[in-house]
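# Notes for the structure review
As a plain string of letters, each chain reads:
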Amino acid sequence: MSDIYTYLYIIFIVLIVISIVVTLINYFKKKNNYDELVVRTKLWWGMAIVYSISLIFSPTVSLISLAILCSLALKEYFSMIKTRKQDRRLFIWAYLAIPLHFYWIYIGWYGMFIIFIPIYVFLFLPVVRIFKSGSIGFLNSVASTQWGLMLMVFGISHLALFPKLTVIAPQHFELAQQYGGWLVLYLVVLTQANDVIHYLVSKKLGKYKIIPSSNPNITWEGFAVGLLSVIVLSYFLGSILTPMNTVHSIFAGVLIGFGGFFGTLAVSVLKRNLAFDQDANKAIKQDKFISKIDSLTYTAPLFFHYLYYFYF
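Residue numbers run consecutively from 1 along every chain, following the written order of its sequence. The model is predicted, so local features are restricted to residues of pLDDT at least 70 and side-chain atom pairs to those at 80 or more, both for listing and for counting; the totals for chains, interfaces and linings are taken over all residues. Computation of side-chain values covers all heavy atoms of the structure but excludes hydrogens and water.

### Remarks on empty space enclosed by the protein
- A pocket here means an open set of points on a 1 Å grid, computed over the protein atoms alone, that has protein on both sides within 12 Å along at least five of seven lines. A cavity is instead a set of points where a 1.4 Å probe fits but cannot get out; residues with an atom within 4 Å of a point line either one. Grid points are joined across faces, edges and corners, and a volume is the space filled by probe spheres set on the points. Under the defined criterion, the tally for this structure stands at 1 cavity of 30 Å³ or more.
- Its volume calculated, the largest cavity comes out at about 50 Å³.
- Lining the largest cavity are Pro59, Ser62, Leu63, Ala160, Pro163 and Lys164.
- In the lining of the largest cavity, the residues fall into 4 nonpolar, 1 polar and 1 charged. As a working rule, the residues Ala, Val, Leu, Ile, Met, Phe, Trp, Tyr, Cys and Pro are called nonpolar, Asp, Glu, Lys and Arg charged, and the rest polar, with Gly in that last group.

Written out as structure tokens, the structure reads:
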């Protein structure tokens, strides 16, 4: 328990320092827009508080918080989709799938978790759509709903599996009990560090854009520095917060660096595609949740299954 409080003290001290630095940057660099840093800092404080409560008292707190976050992200995603009124009935079933999906995590039923959305929900949604609204716009509404569930719910929900490793992998109970909660911290810190470093380097030094038509803010300079920084962080944090050896820690850094990049890129393309029939720039700027968790939609499942394969 003393180790837990020590780590939490370090987390909040780091957050205080970051908040002061971001405030000073935003104050003295008024010509440049650093609102992204301010928003992310507030997000980190919220995540740190929820994480601390769940670590000290009960993992159920983080499970419920994550379920709410997924619901809000999915709602935001649905608000970007141009559909007919009758198609929105499909969304209700998508929302209803979320508490059931997280219930499988709560009871530690990994087998059902891994197939519930990709198989059962995906097979069920087309049936509902056929009986409710016929064939007009069938593929668009069903595919859009399914893809939203995959990104905003299924991908992100892998974060909740780490504290449940004691139930999911009872043969490695001691290892899961020792590192379960810290694995979430490791993944979130590396993913967010990759995002912020990429953002800052691209903003200040970025000249060569990777895919301007998808996301003009993503540059080769930002990608390279972000990836290198995450590998270095993973090298040092891997031995403290995870059971991984040096080689696996370095490869995990590479996996998270690339996964975060592709997650951000995929969600950027998705948002722009959904906004084509609207005011694209306005729609993209209005999102409150999706752009903050876009990289985690890829890094969470990638890192979990990587770790699960080698250690559990």
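### Let's talk about the confidence of the model for the protein
- Counting all residues, the mean pLDDT for the protein is 85, and 91% of those residues have values of 70 or more.
- The score called pLDDT rates the predictor's confidence residue by residue, from a low of 0 to a high of 100. A run of H or I in DSSP becomes a helix once it reaches four residues, and a run of E becomes a strand once it reaches two; helices and strands are each numbered from the N terminus. Element-level mean pLDDT values for the protein span from 50 in helix H11 (residues 280-286) up to 95 in helix H13 (residues 296-311).

### Section: the environment of Ser202
- For Ser202, the location among the structural elements is in helix H8 (residues 173-204).
- Only protein chains enter the calculation, and the probe is 1.4 Å; a residue is then buried if its accessible area is under 20% of its type maximum, exposed if over 50%, and partly exposed in between. Residue Ser202 is classed as buried on the basis of its relative accessible area, which comes to 9%.
- Separated by 189 residues in sequence, Ser202 and Ile13 place their C-alpha atoms 27 Å apart.
- Whenever two N or O atoms come within 3.5 Å, that pair is a polar contact, provided that in protein one can donate a hydrogen and the other can accept it, and provided that, for residues adjacent in sequence, both atoms are side-chain atoms. At 2.8 Å, the side chain of Ser202 forms a polar contact with the backbone oxygen of His198.

### Some thoughts on the side chain of Ser19
- Here Ser19 shows up in helix H1 (residues 2-28).
- For Ser19, a relative accessible area of 16% gives the class buried.
- In terms of polar contacts, Ser19 uses its side chain to reach the side chain of Trp45, at 2.7 Å.
- Among all residues touching Ser19, those that are not within four sequence positions of it are Thr41 and Trp45. Contacts were defined at the residue level, with two residues in contact if any of their heavy atoms lie within 4.5 Å.

### Examining a nonpolar patch on the surface
- On the surface, Tyr5, Tyr9, Ile13, Val17 and Val21 cluster together to form a nonpolar patch covering roughly 490 Å² of accessible area.
- The residue Ile13 is located in helix H1 in this model.
- Overall, the relative accessible area of 53% leaves Ile13 in the exposed class. Residues enter patches when their relative accessible area tops 30% and they take part in no salt bridge; the joining distance is 9 Å for like charges and 5 Å for the nonpolar side chains Val, Leu, Ile, Met, Phe, Trp and Tyr. Every accessible area reported is derived by Shrake-Rupley at a probe size of 1.4 Å, with residue values counting cover from the shown protein chains alone. Salt bridge, as applied in this entry: a Lys or Arg side-chain nitrogen positioned within 4 Å of an Asp or Glu carboxyl oxygen.

### A few points about the side chain of Ser295
- Within the element layout of this structure, Ser295 appears in the loop between helix H12 (290-293) and H13.
- For Ser295, a relative accessible area of 0% gives the class buried.
- Polar side-chain contacts of Ser295 include one of 2.6 Å to the side chain of Asp195.
- Residues contacting Ser295, with those up to four places away along its chain left out, are Thr191, Asp195, Gly259, Gly260, Gly263 and Thr264.

### Some thoughts on the packing of aromatic side chains
- Only Phe, Tyr and Trp rings take part, Trp by its six-membered ring, and two of them pair if their centres are within 6.5 Å. Stacked means planes under 30 degrees apart, edge-to-face means over 60, and tilted covers everything else. Under the criterion given, the structure shown has 25 aromatic pairs.
- Their ring planes at 25° and their centres at 6.4 Å tell us that Tyr110 and Phe113 sit as a pair that is stacked. One end of the pair, Tyr110, and the other, Phe113, are both in helix H5 (residues 110-133), 3 residues apart, so they sit about a helical turn from each other. Phe113 carries the same exposure label as Tyr110, and that label is buried.
- When the centroid spacing of 6.4 Å and the interplanar angle of 25° are considered together, the rings of Phe258 and Phe262 count as stacked. Separated by 4 residues within a single helix, Phe258 and Phe262 lie in helix H10 (residues 246-274), roughly one turn from each other.
- For Phe258, a relative accessible area of 34% corresponds to the partly exposed category.
- Relative accessible area serves as the criterion here: at 42%, Phe262 is assigned to the partly exposed category.
- Feature note: the residues Tyr110, Phe113, Phe154, Phe162, Tyr186, Phe303, Phe304 and Tyr308 constitute an aromatic cluster, connected by ring pairs.
- Above the plane of the ring of Tyr106 lies Lys164, whose end atom (NZ or CZ) is 5.1 Å from the centre. Charges are assigned to positions over rings by a cutoff of 6 Å between ring centre and Lys NZ or Arg CZ, combined with an angular limit of 35 degrees from the ring normal.

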